[in-house]
Amino acid sequence: TQVRNVSSAGLFSFNAGHFGGSANLDDALRIILDDVGGIGKYTSEKQVKIIKNLERAIELGVLDENIVTTELSSVLVTKTATQYYAAGDNLWRWFGWQYVQSELHMSLKSVDEVAKYMDDMFDYKFNKNNKITGNKKLLFEAIEEAAGMEVKIVYPTYSAVPEFVQSFRRIPVAGNFVSFPAAMIQATVGNLDMSMRLINSKNSKIRQKGYKKLISS
């Protein structure tokens, strides 16, 4: 079941045009395994780094906070079948987040450009200042946020699938995995909408990203 979950979830990555490029699936697999299983022995500094990365991903909605335990420190030493199953989805979401960041770093060179991008792509007014510290956000922070917004659109969050869709699993002919086709339809619609917005950009690299996403969808 887990092999099927990991392999089928990869369709969302392909559907979004997230292949090629500089993002590394091996890195994504490593950090998700580090998160769930605490594979190997880590120093306290290593654990802090893993937890910090996960907290940032959860903050931006990249990883589903209903799947990844909020007791992050305990995750490093706790192994459960549920966590390993959920890791299959989070693996691809993490990979997608890293992939989009690498794309945007090549296309957007200032926080102002990121702000315009987020307005054009997501109809979102980006706050250039950190709400807690009041400091201006750095370019990498802005790109993390923009990438996180795309991941939430083009990758599934099964805990957010409507109850009426989940209720179909009680119907014998529907099967137990009704959430997957529902999420695939939702992701495809999101990809098509976003690809049209990307293609209309004045930035040539952003347009290329749009055509790639359109073809993949």
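See the structure printed just above.
I will try to describe carefully the structure that is included in this document. (Residues numbered from 1 in each chain as written. Predicted model: local features only at pLDDT ≥ 70, side-chain atom pairs only at ≥ 80, totals over all residues. Heavy atoms only, no water.)

1. Some details on the overall build of the protein chain
Right, on to step 1. The helix and strand tally for the protein chain stands at 10 helices and 0 strands.
Right, on to step 2. Along the protein chain, helices and strands appear, N-terminal first, in the series α-α-α-α-α-α-α-α-α-α.
Right, on to step 3. Sorting the 217 residues of the protein chain into buried and exposed places 45% on the buried side.
Right, on to step 4. Taking contacts inside the protein chain between residues at least 6 apart in sequence as the whole, the part at least 24 apart equals 72%.
Right, on to step 5. With an accessible surface of roughly 11900 Å², the protein chain has 58% of that area assigned to carbon and sulfur atoms. (Helix = DSSP H or I, 4+ residues; strand = E, 2+ residues; numbered from the N terminus. Buried < 20%, exposed > 50% of the residue type's maximum accessible area, 1.4 Å probe, protein only. Contact = heavy atoms within 4.5 Å. Areas by Shrake-Rupley, 256 points an atom, 1.4 Å probe, with all protein chains shown as cover.)

2. A short note on a nonpolar patch on the surface
Right, on to step 1. Side chains of Leu-192, Met-196, Tyr-211 and Leu-214 sit close together on the surface and give an oily, nonpolar patch of about 340 Å² of accessible area.
Right, on to step 2. Elements with a contribution of two residues or more to the nonpolar patch: helix 9 (179–199) and helix 10 (204–216).
Right, on to step 3. Along the chain, Tyr-211 falls in helix 10.
Right, on to step 4. Tyr-211 gets classed as partly exposed once you look at its relative accessible area, which sits at 44%. (Patch = residues over 30% accessible without salt bridge, like charges linked within 9 Å, V, L, I, M, F, W, Y side chains within 5 Å. Salt bridge = Lys/Arg side-chain N within 4 Å of Asp/Glu carboxyl O.)

3. Focus on the packing of aromatic side chains
Right, on to step 1. Within the structure shown, the criterion is met by 4 aromatic pairs.
Right, on to step 2. Ring geometry for Trp-94 and Trp-97: centres 5.3 Å apart, planes at 75°, overall edge-to-face. Of this pair, Trp-94 and Trp-97 both sit in helix 5 (residues 81–107), 3 residues apart, roughly one helical turn.
Right, on to step 3. For Trp-97, a relative accessible area of 3% translates into the label buried.
Right, on to step 4. Geometrically, the ring pair formed by Tyr-117 and Phe-122 is edge-to-face, given 6.2 Å between the ring centres and 80° between the ring planes. Both residues of the pair, Tyr-117 and Phe-122, belong to the buried class.
Right, on to step 5. Counting every residue linked through ring pairs, the aromatic cluster contains Trp-92, Phe-95 and Tyr-99. (Phe/Tyr/Trp six-rings, centres within 6.5 Å; stacked < 30°, edge-to-face > 60°.)

4. What about the pattern of salt bridges?
Right, on to step 1. All told, the structure shown has 11 salt bridges when counted by the stated rule.
Right, on to step 2. For Lys-137, the salt bridge goes to Glu-145, with nearest N and O atoms at 2.8 Å. Per residue, the accessibility class of Lys-137 equals that of Glu-145, and both read buried.
Right, on to step 3. The shortest N-O distance in the salt bridge between Glu-150 and Lys-209 comes to 3.0 Å. Of the two residues, Glu-150 is situated in helix 7 (residues 139–154) and Lys-209 in helix 10; the sequence distance between them amounts to 59 residues.

5. So, the nonpolar core
Nonpolar side chains in soluble globular proteins tend to end up buried together.
Right, on to step 1. Membership of the largest hydrophobic core comes to 40 residues, with the highest contact counts inside it found for Trp-97, Leu-104, Tyr-117 and Met-118.
Right, on to step 2. Looking at this core, the elements that each hand over two or more residues are helix 3 (44–59), helix 5, helix 6 (111–122), helix 7 and helix 9.
Right, on to step 3. Those residues in contact with Trp-97, other than ones at most four positions away along the chain, are Arg-56, Ala-57, Leu-60, Val-62, Glu-144, Ala-147, Gly-148 and Val-151. (Core = buried A, V, L, I, M, F, W, Y, C linked by side-chain atoms within 4.5 Å.)

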